[in-house]
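Remarks on the overall topology
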Amino acid sequence: MDNKNLFNWKDTKLYLVIIGCLIVIIAYYQPILALIWAIALAYLIYHYNKTIHDKEKEWTKYIETLTEEFESATKHAVFNMPFPLVILEIDGTISWYNTRFSSMIDEENILNNKIEEFAPNLNIEEILKKDDKKPIEVKYKDRYYQIHYNIIEIKKAVSKKGIIIMLYWIDDTDRMILKDKYEDEKLTVCLAYVDNYDEVKNTTPEVNRPLVLAEIDKTISSYAAEHNGFTRKYENDKYLLIFENKDLQVIQQKKFDILDKIREIDKGNTIPITLSMGVGVNGKNPNETYEYAKAAIDIALGRGGDQTVVKKNNDLKFYGGKTKAIEKRNKVKARVISHALRQLIDQSEEVFVMGHKNADMDSFGASVGIVRAALNRNKKGYIILSGVNPSIKNIYERMKSEVPEYLDLILTPEEAYNKVDQSSLLVVVDNHKPSFTEAPELLDLTDKIVLIDHHRRGAEFLKDPILRYLEPYASSTCELVTEILYYMFEKMEMSEFEADALLAGITVDTKNFTFQTGVRTFEAASILKRSGADPTRVRHLFRDDFNTFLHKAEVVRNSKIVFNKVAIGRLEKDMEDSVLIAAQSANDLLNINGVEASFVLTLFEGKVHISGRSLGNVSVQLILEKLGGGGHLTSAGTQLEGITIDEAEELLINSIEEYFKEGDEE
């Protein structure tokens, strides 16, 4: 409209100018006539200006009327909005609300109160920081709401800081009820394996055997029926169970008490029966949920059995695992693994062996054993070692003096990186966590990866090794490697140094054959003895200097007892051998009467290291897993970054307290 008026005004002005020019010309010939026309022209100019002014007033009044009508309609829409609406100041103070909001809150004196007083889960600071404008889901009383928000800058100062927040509360209860029902009715897949089926069957008197096996079936079937589940036995020791999510939640609250019910079966069996379960939850389809269950049962078995692992997408939860892993008497698996490893060595150009960071006797001894296997098959073998630490200093010095040729077989991670290719075989020993290996980057250079480990499996695990020998019942990785060498060759050929290295690995992890030992541990030791190992020479590998003894004594002297049975010590010096001293001090603390478990914290390379030891009644593995570590029931460790030793001790005590509250002590 403005453009149109402007155009008309320009046209009229042109006409008036032309008329004025004509009047000037006429004035030259007829002055009186020109005067009359001039008066007429003046009137035209006055009339047009008045008309334009009147039109502008009409338009202004029209716009003002339209604005008033719009404001009236807006106010009516806001006041009568079909859902609750509240306006807040920038600090969360309620400055206005509609009747729907008042009915929803059902409180008096709403105005000028903070919104958090009525909805504690609503955080105004988070709303101000949000950029995505996604609605916020909150629960108020027994209703669910999606809160849409609008942050408005006020040009005129009607607000404290020129900003108001409008919250639109959309009732989402029906959708949430439907969603919860959908989640509750989702199916979960559970695989249950009897860990020691063959052992129980073979050791139970024949007259009682049917009763024991029938009781196992009955207990599992009754448990599934009790929780509205379905069960099918598809092998002698394997069961498939199907539950709905809502029933699984009840089972989780009971911490899978079926593990205890199976263990308590007493129908003439001479050994306790243990059960492992893997549960798959929230797969995109039944097949994916089943794959979750398979992965979970593998983890449960890899952690020693007698426990349940629940896998929900990438999240893992552990239940049980409070008993010692039962030693497997069947050696068929060791023989099969041995032959498979021999074939892989024969098919490879070079063999690289890698343990964990800060190598210990078990890691180093197992590496020496695998290199010996490669050399016996006429293949080049290398040990990847980033450096010599106090734990292996003695055996490394002996290697330099007795078998100096081994120095050529030890590579740094950088040297190995330039040699490993797709034709290489990479053997990871005494560790199954990629981030804990000497050189994690090497895992991406070859697909031929073999895992040999004795630690209980954790959430982090090597991706798709072509051969896996994970046996948490074993005392040490050196025990497993000794068995592999025994079945790989008709006649074991190794030097005294190699035999001593393997025996030293077994000795350190069993604390001189007092912990985590079984029949096969002593059999492996006897094999090494026949191959030239000498316990006296091995003992010399563990001798400490005078300062180490003083530091251990200091740790023990300054230790404290918590929860009446757990000893905690500290070594607050960042030294080269602080981790070794912490581990040895934790062992020494177990010699105190009444101490069931011990933990020693120390500093090394800016990190806090925690060594945990137990007599078997307390699982230090479960305690330190909560802090990102792992290990065995009786021996575990972890390391923490970015915190002080005081903060680490507080986290440790909280983890111990949580462990006892969960009832995971046997």
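Reading the values: rules and limits
- Residues numbered from 1 in each chain as written.
- Predicted model: local features only at pLDDT ≥ 70, side-chain atom pairs only at ≥ 80, totals over all residues.
- Heavy atoms only, no water.
- Domains from an automatic or database assignment.
- Helix = DSSP H or I, 4+ residues; strand = E, 2+ residues; numbered from the N terminus.
- Buried < 20%, exposed > 50% of the residue type's maximum accessible area, 1.4 Å probe, protein only.
- Polar contact = N/O pair within 3.5 Å; in protein donor to acceptor, adjacent residues only side chain to side chain.
- Contact = heavy atoms within 4.5 Å.
- Core = buried A, V, L, I, M, F, W, Y, C linked by side-chain atoms within 4.5 Å.
- UniProt positions renumbered as here; feature names shortened; annotations may be inferred.
- Patch = residues over 30% accessible without salt bridge, like charges linked within 9 Å, V, L, I, M, F, W, Y side chains within 5 Å.
- Areas by Shrake-Rupley, 256 points an atom, 1.4 Å probe, with all protein chains shown as cover.
- Salt bridge = Lys/Arg side-chain N within 4 Å of Asp/Glu carboxyl O.
- Lys, Arg positive; Asp, Glu negative; His and termini not counted.
- Charge placed at Lys NZ, Arg CZ, Asp CG, Glu CD.

**Remarks on the domain arrangement of the protein chain**
How large an interface is tends to be reported as the accessible area lost when its parts come together. Assigned domains of the protein chain: these are domain 1 (9-78), domain 2 (85-180), domain 3 (186-320), domain 4 (331-542) and domain 5 (546-665). The centre of domain 2, based on its C-alpha atoms, is set 62 Å off from the matching centre of domain 4.

**Brief notes about the side chain of Glu498**
Its place among the elements puts Glu498 in helix H16 (residues 496-510). The class for Glu498 is buried, based on a relative accessible area of 1%. Engagement of the side chain of Glu498 in a polar contact is seen with the side chain of Tyr406, the distance being 2.4 Å. The contact partners of Glu498, leaving out residues within four places of it in the chain, are Val368, Arg372 and Tyr406.

**Observations regarding the nonpolar core**
Leu341, Ile370, Val427 and Ile452 are the most contacted members of the largest nonpolar core, which has 59 residues in total. The leading source of residues in this core is helix H12 (residues 361-376), at 8 residues. In contact with Ile370, not counting residues within four places along its chain, are Leu341, Val351, Val353, Val427, Val429, Ile452 and Val481. Formed by 28 residues, the second largest nonpolar core is a distinct cluster that contains Ala192, Tyr223, Phe243 and Leu248.

**Digging into the UniProt feature "transmembrane region" (unreviewed entry) in the protein chain**
Within this numbering scheme, the UniProt entry marks residues 14-46 as carrying the feature "transmembrane region" (unreviewed entry). Here residues 14-46 is 97% helix and 0% strand, with 16 Å between the C-alpha atoms at its ends.

**Regarding unusual backbone geometry**
Of note, Phe256 is a non-glycine position whose phi angle comes to about 50°, a positive value. Examined against the element boundaries, Phe256 turns out to sit in the loop between helix H8 (245-253) and helix H9 (258-263). Residues other than glycine seldom take positive phi values, yet Asn313 does so here, at roughly 55°. Relative to the assigned elements, Asn313 resides in the loop between strand E10 (307-312) and strand E11 (315-320). Residue Asn313 is classed as partly exposed on the basis of its relative accessible area of 35%.

**Focus on a negative patch on the surface**
A surface patch of negative charge is lined by Glu414, Glu415, Glu441 and Asp444. By the secondary structure assignment, Glu415 is in helix H14 (residues 413-417). In this structure Glu415 comes out as partly exposed when scored by relative accessible area, which is 40%.

**Thoughts on the pattern of salt bridges**
Across all of its chains, the model carries 30 salt bridges by this definition. Here Asp237 makes a salt bridge to Lys238, at a shortest N to O gap of 3.5 Å. On the basis of relative accessibility, which here comes to 18%, the residue Lys238 falls in the buried class. One salt bridge in this structure joins Glu649 and Lys560, with 2.5 Å as the shortest N-O distance. Placement of Glu649 in helix H22 (residues 645-661) and of Lys560 in strand E18 (residues 560-562) is noted, with a sequence separation of 89 residues between them. Here Lys560 falls in the partly exposed class, since its relative accessible area comes to 39%. Within this structure, Arg398, Glu402, Glu496, Asp500, Asp534 and Arg537 form a network of salt bridges that share partners.

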